[in-house]
Amino acid sequence: MTENRNPEAASTYHDATKHSYASIRTNPHFMDWSNQPLPFKIYPTLETMRLPAEMHQTGVAALSVIAESVPALTSAAPDLEAVAQLLYLSGGITRKRSYPGREFYFRAAACTGALYEVELYLVCGDLSNLQAGVYHFAPAEFGLRRLRAGDYRRALLEATGGEPSIAHAPLTIVCTCTYWRNAWKYQARTYRHFGWDNGTLLANLLAVATALGLTARVVCGFVDADVNRLLDVDPQREVAFSLIAFGYTDALPPKVPAEISPLHLETVPLSQREVDYPLMREMHAASSLASPEEAESWRGHTPTTNISPPAGPIVSLEPFSDGEMPRDPIEQVIQRRGSTRRFARSPITVPQLSTMLDRATRGVPADFLDPPGAQLNDLYLIVHAIEGLLPGAYSFHRGRGVLECLKRGNFRADAGYLGLGQDLSADAAVDIFFLADLRPILQRFGNRGYRVVQLEAGILGGKLYLAAYAQRLGATGLTFFDDDVTRFFSPHAEGKSAIFLVAVGHSAKHKPV
Ligand SMILES: Cc1cc2nc3c(=O)[nH]c(=O)nc-3n(C[C@H](O)[C@H](O)[C@H](O)COP(=O)(O)O)c2cc1C
C-alpha cells in the first residue's frame, strides 16, 4: 500500500488544525512584522519578458461563464494575449493600497490574509507569440520568466499517467503553493489554505477560459516529485498543488529527455528566517503519488455524497431567467471584486441567492469529479436577511434545486461566533458553509482526497464570490470554529467536517441597487 492509501495522515492533520474557542484563546502566535515574507517569488538572474498590457475584453457575462465550460474536444489554442488575460484575471495585481510604511498589492482572486502563496507556472508548446517553454508568472512586473526553453509538455503528460486533457493541451498552468508565505500568519493550518486559495484562483481561470472559448480541466492526479522537478522548486518550501489544462489540439507533445536537469536558479529569500511546520510537510508527503500508474488509477470515480432527501420544509430556488440575469462581463466583475470588509444588515432577494447557488454549483471540470457534475462538498446556509425566506439554518439540495429548512430563528449571534467571532458572518445576509463527509472521500482518493475536497470548496467559493459581485453584492471568505459548525447543523450534518465558509450580502460601503 502506498502512503497515500493510508488515510490516517489526513485525519490527523485535519484534527490537529481545527480551530476551537480554546485553541484560538491559548495560541500564543503573533505576526512578526519584521519577518514578514515577500509576497512575490523573485528570480534575480532571469530576465522578465513583459506580457501585453492591452487586452481585448470578451464582454461575456460572468454569470454565464462561471456556470459553463467549453466542451472537452473543442480545438483552440491560446495566443500570448489570451495567456496574459488568463494570468492577469487570476493571479494579476488588480488593486494597490498604501498604508504608513507598507504597500499592499491585491490580486484578482481572494486569498487568505492577502499573502498570495500560490505561484503560477506555464508549461506550453509553441503558441502564437510565445515560444514553447516552462515559464514563471511574475505578477509584480506582469511578465514571464523563462525557466526552460523547449516543449516540456510530455513530462507533465507522463507525470499524470496519461491524462487526456494534458495530452492535448497547448498550455497547462501549474499552481504551486509556498508554505512559509502563508504559514507566517496561519501556521500549520496553511495546508488547508492551499486548497482554498488555489481554488479561488482556479475559479477565475475556469471562468476566463470559458469566456475565451478554451476548454479547461483541473488535474490533481500527478506524480508530485516529477512536476516539482520540472519546475525546479524546492519541495521543502514550495509544492505543485494543481494543474489546469487549457485548449485542445490533435497533436501529442514531442518526447523530452528522460532526465529533467536541475536548474539551480537563485531566488530571493522570502524572509530573514522561516519557521517550519512539519505537520504540513507530512500531510503533503502522505498525499503524494509516487508513479504514473498510481496517478492514472487515482483519478475519476468520485464517491457520491449521501445527502438524505429533505425531511423538513422545503423552499424552491428561483434563479433569474436568462432575460433578467445581470450581464456584467467577467473582466469587469473580476476587477471590481474585493472581499467585503463590512456588511450592511440589509436583505438580498431569493432570486439573487438562488442565482448564486445555481450558477456556482453546476459542476467543475476536474479529474477528481467524475461523472461530470459530481461534487464533494455539501452546502449549508444560515439565512439572516433574504426577502421572502424565513431566517434560519438550511441545507441546499443541489439536485432538487431546493433549500431544506433545518431550524428557524435569528442566528446572527451564532453565525458571528462560528465565523471566529467576526462581525462579517453576523452582519451578512447569508453565510454559506461547505461541509464534507471525509470518510468516503479519503477511502476513495486516499490522503489526496483531503487536498481536493479543500480545493473544490475553494473553487466553488471563488465562483460564489464572482456570482455575488456579478449582482453587485459583496462577499468574503471566512475561517471558522470547525466542530461548532458541524454541531450547529447537526443532526443533519452529523459526521461531516467543516471545510469552508463564504458570507454574502450588501457591502456597507455601497447602497443596494
Ligand atoms: C478562504 C478565505 C478565507 C478568508 N478568511 C477571512 C477571515 O476570516 N476574515 C477576513 O476578514 N477576511 C478573510 N478573507 C478575505 C481575505 O482577507 C482577502 O481575500 C484578502 O485580504 C485579499 O483581499 P481581496 O479579497 O479584497 O482581494 C478570506 C479569504 C479567503 C479566500
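Brief notes about the sheet that holds strand E1 (residues 49-50)
Here comes step 1: Reading across the sheet, the seven strands line up as E1-E6-E5-E4-E7-E9-E8 and stay open at both edges, with antiparallel pairing between neighbours. Since the sheet does not close on itself, it has two edges, and those belong to E1 and strand E8 (216-219), each with one partner.
Here comes step 2: Here E1 runs beside strand E6 (residues 143-149); their pairing, made up of two bridges, is antiparallel. Directly across from Arg50, in E6, lies its bridge partner Gly143.
Here comes step 3: Across the face of the sheet, helix H9 (residues 224-231) comes into contact with strand E4 (118-124), strand E5 (133-138), E6, strand E7 (171-178) and strand E9 (238-246) while running at roughly 90° to E9.

Topic: the site of the ligand
Here comes step 1: If you check the shell around the ligand, you find 23 residues, and the closest are Arg95, Arg337, Ser339, Arg341 and Gln422.
Here comes step 2: Arg337 is positioned with one of its side-chain polar atoms (N or O) 2.8 Å from an oxygen atom of the ligand.
Here comes step 3: One of the side-chain nitrogen or oxygen atoms of Ser339 is found 2.6 Å away from an oxygen atom of the ligand.
Here comes step 4: Computed on the free molecule, the ligand has an accessible area of 610 Å², of which 89% lies beneath the protein chains in the complex.
Here comes step 5: Of all the secondary-structure elements, those providing two or more residues to the shell around the ligand are strand E3 (102-107), helix H8 (190-211) and strand E18 (474-478).
Here comes step 6: It is E18 that contributes the most residues to the shell around the ligand, three residues altogether.
Here comes step 7: Tallied by class, residues from the shell around the ligand come to 10 nonpolar, eight polar and five charged.

Here's the deal with the packing of aromatic side chains
Here comes step 1: Counted under the stated rule, the structure contains 23 aromatic pairs.
Here comes step 2: Measuring from centroid to centroid gives 5.9 Å for Tyr13 and Tyr191, while their planes differ by 75°, and the two rings are edge-to-face. Of the two residues, Tyr13 sits in helix H1 (residues 8-16) while Tyr191 sits in helix H8, which places them 178 residues apart along the sequence.
Here comes step 3: Its relative accessible area of 2% is what places Tyr191 among the buried residues.
Here comes step 4: For the ring pair Phe411 and Phe488, a centre distance of 5.2 Å and an interplane angle of 85° mean the geometry is edge-to-face. In this pair, Phe411 sits in the loop between strand E16 (402-408) and helix H14 (412-418) while Phe488 sits in helix H18 (residues 482-488), placing the two residues 77 residues apart along the sequence.
Here comes step 5: Given the relative accessible area of 13%, Phe411 is considered buried.

Scoring rules and cut-offs
Residues numbered from 1 in each chain as written. Predicted model: local features only at pLDDT ≥ 70, side-chain atom pairs only at ≥ 80, totals over all residues. Heavy atoms only, no water. Pairing = 2+ DSSP bridges. Helix = DSSP H or I, 4+ residues; strand = E, 2+ residues; numbered from the N terminus. Contact = heavy atoms within 4.5 Å. Axes fitted to C-alpha atoms, helices over the stretch in contact; angles between N-to-C directions. Near = heavy atom within 4 Å. Polar contact = N/O pair within 3.5 Å; in protein donor to acceptor, adjacent residues only side chain to side chain. Areas by Shrake-Rupley, 256 points an atom, 1.4 Å probe, with all protein chains shown as cover. Nonpolar A, V, L, I, M, F, W, Y, C, P; charged D, E, K, R; others polar. Phe/Tyr/Trp six-rings, centres within 6.5 Å; stacked < 30°, edge-to-face > 60°. Buried < 20%, exposed > 50% of the residue type's maximum accessible area, 1.4 Å probe, protein only.

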